[in-house]
Amino acid sequence: MSLSGVCVTAVESRPAGVLGASQSPVHRPFGARVKAFVALTKPRIIELLLITTVPVMFLAQRGVPDLTLVLVTCVGGYLSAGGANALNMYIDRDIDALMDRTSQRPLVTGMVSPRECLAFGITLAVVSTLLFGFAVNWLSAWLSLGALLFYVVVYTMLLKRRTAQNIVWGGIAGCMPVLIGWSAVTDSLSWAPLILFLVIFFWTPPHYWPLSMKVKEDYARVGVPMLPVIASNKVVARQIVIYSWVMVLVSLLLTPLGYTGWFYTAVALAAGGWWLWEAHALQNRAKAEATGGKLKEMRLFHWSITYVSLLFVAIAVDPFLR
């Protein structure tokens, strides 16, 4: 599950941390520098993207795909998403310095310089595209490059600081791994990956908005209009419920179209049912004007990761049970 002329809001950055103020990169510990460059790729986010890539390859193959192809696709996906994330950090370094949740990112602490980050992100983008093109197929390469450019240009540069719909449309980049996984095996697209694309599309807002509710003061401080910043908890929770229902209903389309069987359907119903329970519970707490820890918005955020993991594991297992 997202594999990120600059238009920015004027924000006065605070000075970088002690490392950035007192040391040049060549004097910093080599191990710490390596960890910093890895951190630029946002590995935890990429893990989620790979979870949505590999199972789709099993579904496309209707069994076990070529494992070398799986490995190359995962490496290419990591490099592409990592490049997008590095470029996202380069563009957002001003607001990252002011937000508590991003205050320890490598560009803020000075462990990596902006020039190094930019070069790193571009290099990963080029290498990943060429790897996909020559080792997988060019359809996957263009899909991967398109996802990267969409995340960096459309989401980070155009939407994020301008509209509360930023995560809705920006989330399209995170939907692309399902298309890439399918195209890596078949060198084509079909209804199955498009349905899963829509599942991730409708999953992204109710996945991210609870986290945004938790840290909305951070976003408000830097002028990023995430929905919880400009709307009440009641409005946000209602939107979460709407997107959640559409997501669950779309996830059930695979079976009547003949792509999945009883196992996937059972998991989709059970996991989707629990998701809807949590979404409505959050809405009820918001209606009761619960605040702080009583809102318990992070329950849905954490469950959303479990949900997408269970759903895509079921996609990988289902072909073996039919």
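By convention here, each chain's residues receive numbers from 1 onward along its written sequence. In view of the model being predicted, local features appear only for residues whose pLDDT reaches at least 70, and side-chain atom pairs are presented and counted only at 80 or more, with totals across whole chains, interfaces and linings using the full set of residues. To get the side-chain values, take all heavy atoms of the structure and skip hydrogens and water.

Caption draft 1: Up close: the overall build of the protein. Note on conventions: DSSP H or I runs of at least 4 residues are helices, E runs of at least 2 residues are strands, and numbering of each starts at the N terminus. Counting its secondary structure elements, the protein contains 16 helices and zero strands. Only the C-alpha atoms count toward the radius of gyration. The rule for a globule is 2.2 Å times the residue count to the power 0.38. Against the globule reference of 20 Å for 322 residues, the protein gives a C-alpha radius of gyration of 20 Å, in line with a compact fold. Its C-alpha atoms give the protein principal-axis dimensions of about 60 × 55 × 35 Å. Burial analysis of the protein (322 residues in total) assigns 55% to the buried set. All accessible areas in this document rest on Shrake-Rupley with a 1.4 Å probe, and a residue is counted as covered only by the protein chains that are shown. Element-wise, carbon and sulfur atoms account for 68% of the exposed surface of the protein, whose accessible area totals about 14,000 Å². Averaging the positions of the 25 positive and the 15 negative side-chain charges in the protein gives two centres separated by 4 Å. With a 1.4 Å probe rolled over the protein chains alone, any residue whose accessible area is under 20% of its type maximum counts as buried; one over 50% counts as exposed, and the rest are partly exposed. By the counting rule applied here, Lys and Arg register as positive and Asp and Glu as negative, while His and the ends of each chain are not counted. Just so you know, the charge point we use is NZ for Lys, CZ for Arg, CG for Asp and CD for Glu.

Caption draft 2: Representation of helix 3 (residues 43-61) within the structure. The span you would expect from a helix comes to 1.5 Å times its residue count less one. Taking 1.5 Å of rise per residue, the 19 residues of helix 3 would be expected to cover 27 Å, and the 27 Å separating its terminal C-alpha atoms lies within 8% of that figure. Of the positions making up helix 3, those classed as buried are Ile46, Leu48, Leu49, Thr52, Thr53, Val54, Pro55, Val56, Met57, Phe58, Leu59 and Ala60. Buried residues along helix 3 sit against helix 4 (67-91), helix 10 (172-186), helix 11 (191-214) and helix 16 (298-317). Arg62, located one to two residues past helix 3, shows a positive phi value of around 55°. The contact criterion used is simple: two residues touch if any of their non-hydrogen atoms lie within 4.5 Å.

Caption draft 3: Focus on the confidence of the model for the protein. On average, residues of the protein score 91 in pLDDT, and 92% of them are at 70 or above. For every residue, the pLDDT score states the predictor's confidence, bounded by 0 at the bottom and 100 at the top. The model gives residues 1-26 a pLDDT under 50, and that stretch makes 58 contacts with residues more than four places away or in other chains.

Caption draft 4: The packing of helix 3 against helix 4, seen in detail. Between helix 3 and helix 4, the least distance of the axes is 10 Å, while the angle of their chain directions is 145°. As for how helix 3 packs across helix 4, the hand of that crossing is right-handed. Note on element contacts: helix 4 touches helix 3 through Leu69, Val70, Thr73, Cys74, Tyr78, Ala81, Gly82 and Asn85, opposite Pro43, Ile46, Leu49, Leu50, Thr53, Val54 and Met57. For this scheme, ten residues count as nonpolar: Ala, Val, Leu, Ile, Met, Phe, Trp, Tyr, Cys and Pro. Four count as charged, namely Asp, Glu, Lys and Arg, and the remainder, Gly too, count as polar. Taken together, the residues of the contact of helix 3 with helix 4 sort by class into 11 nonpolar, four polar and no charged. For helices, the fitted axis covers only the stretch in contact; all axes are lines through C-alpha atoms, and the angles between them, taken along N-to-C directions, range from 0 to 180 degrees. Working rule for handedness: look at the near helix, and if it is turned counterclockwise from the far one by less than a right angle, call the crossing left-handed; if clockwise, right-handed.

Caption draft 5: Representation of helix 16 in the model. Taking 1.5 Å of rise per residue, 20 residues should cover 28 Å, and helix 16 covers 29 Å from first to last C-alpha, within 8% of that figure. Looking at the buried positions of helix 16, the neighbouring elements they touch are helix 3, helix 10, helix 11, helix 14 (233-251) and helix 15 (262-287).

Caption draft 6: Main features of the pattern of salt bridges. In the sections that follow, a salt bridge refers to a side-chain nitrogen of Lys or Arg positioned within 4 Å of a carboxyl oxygen of Asp or Glu. Under the defined criterion, the tally for this structure stands at eight salt bridges. The residue Arg33 makes a salt bridge to Glu116 at a minimum N-O spacing of 2.9 Å. With Arg33 in helix 2 (residues 30-40) and Glu116 in helix 7 (residues 114-135), this residue pair connects regions lying 83 residues apart in the sequence. The exposure class of Glu116 is partly exposed, given its relative accessible area of 24%. Among the salt bridges present, the one from Lys234 reaches Glu289, with a minimum N-O distance of 3.6 Å. Residue Lys234 is located in helix 14, and its partner Glu289 is located in the loop between helix 15 and helix 16; the two are separated by 55 residues in the primary sequence.

Caption draft 7: Up close: the layout of surface pockets. Its volume calculated, the second largest pocket comes out at about 160 Å³. Cavities and pockets were defined on a 1 Å grid built over protein atoms only: a cavity is a set of grid points that admits a 1.4 Å probe from which the probe cannot escape, a pocket is an open set flanked by protein on both sides within 12 Å along at least five of seven lines, and lining residues are those with an atom within 4 Å of any such point. If you go around the second largest pocket, you meet 11 residues; those closest to its centre are Leu87, Ile91, Leu118, Val152 and Met157. Mapped by element, the contributors of at least two residues to the lining of the second largest pocket are helix 4, helix 7 and helix 8 (138-159). Residue composition of the lining of the second largest pocket, by class: 11 nonpolar, no polar and no charged. Grid points are joined across faces, edges and corners, and a volume is the space filled by probe spheres set on the points.

Caption draft 8: Seen up close, the side chain of Lys42. When you line up the elements, Lys42 lands in the loop between helix 2 and helix 3. Buried charge Lys42 goes without a salt bridge, the closest partner of opposite sign being Asp92 at 6.5 Å.

Caption draft 9: Spotlight on the packing of aromatic side chains. Pairing of aromatic side chains here covers Phe, Tyr and the six-membered ring of Trp, requires ring centres within 6.5 Å, and sorts the geometry by plane angle: under 30 degrees stacked, over 60 edge-to-face, intermediate tilted. Counted according to the given criterion, the structure contains 12 aromatic pairs. Both rings, one in Phe134 and one in Trp138, keep their centres 5.2 Å apart while their planes meet at 75°; by these two values the pair is edge-to-face. Taking the centre distance of 5.1 Å and the plane angle of 65° together, the rings of Trp275 and Tyr307 count as edge-to-face. Of the two residues, Trp275 sits in helix 15 while Tyr307 sits in helix 16, which places them 32 residues apart along the sequence. Of the two residues examined, Trp275 and Tyr307, each falls in the buried class. A cation over an aromatic ring shows up here: Arg93 above the ring of Tyr90, its NZ or CZ 4.4 Å from the ring centre. The criterion for a charge sitting over a ring is simple: Lys NZ or Arg CZ within 6 Å of the ring centre, and within 35 degrees of the ring normal.

Caption draft 10: Just the nonpolar core, in detail. Take the buried residues of types Ala, Val, Leu, Ile, Met, Phe, Trp, Tyr and Cys, join any two whose side-chain atoms come within 4.5 Å, and each joined set is a nonpolar core. The biggest cluster of nonpolar side chains holds 92 residues, and the ones touching the most others in it are Trp275, Tyr307 and Phe312. The greatest single-element share of this core, amounting to 13 residues, is contributed by helix 11. Other than its neighbours up to four places away in sequence, Trp275 contacts Trp203, Pro206, His207, Ser244, Met247, Leu300, Trp303, Ser304 and Tyr307. Listed in part, the eight residues of the second largest apolar core include Leu40, Met89, Leu107 and Val112.

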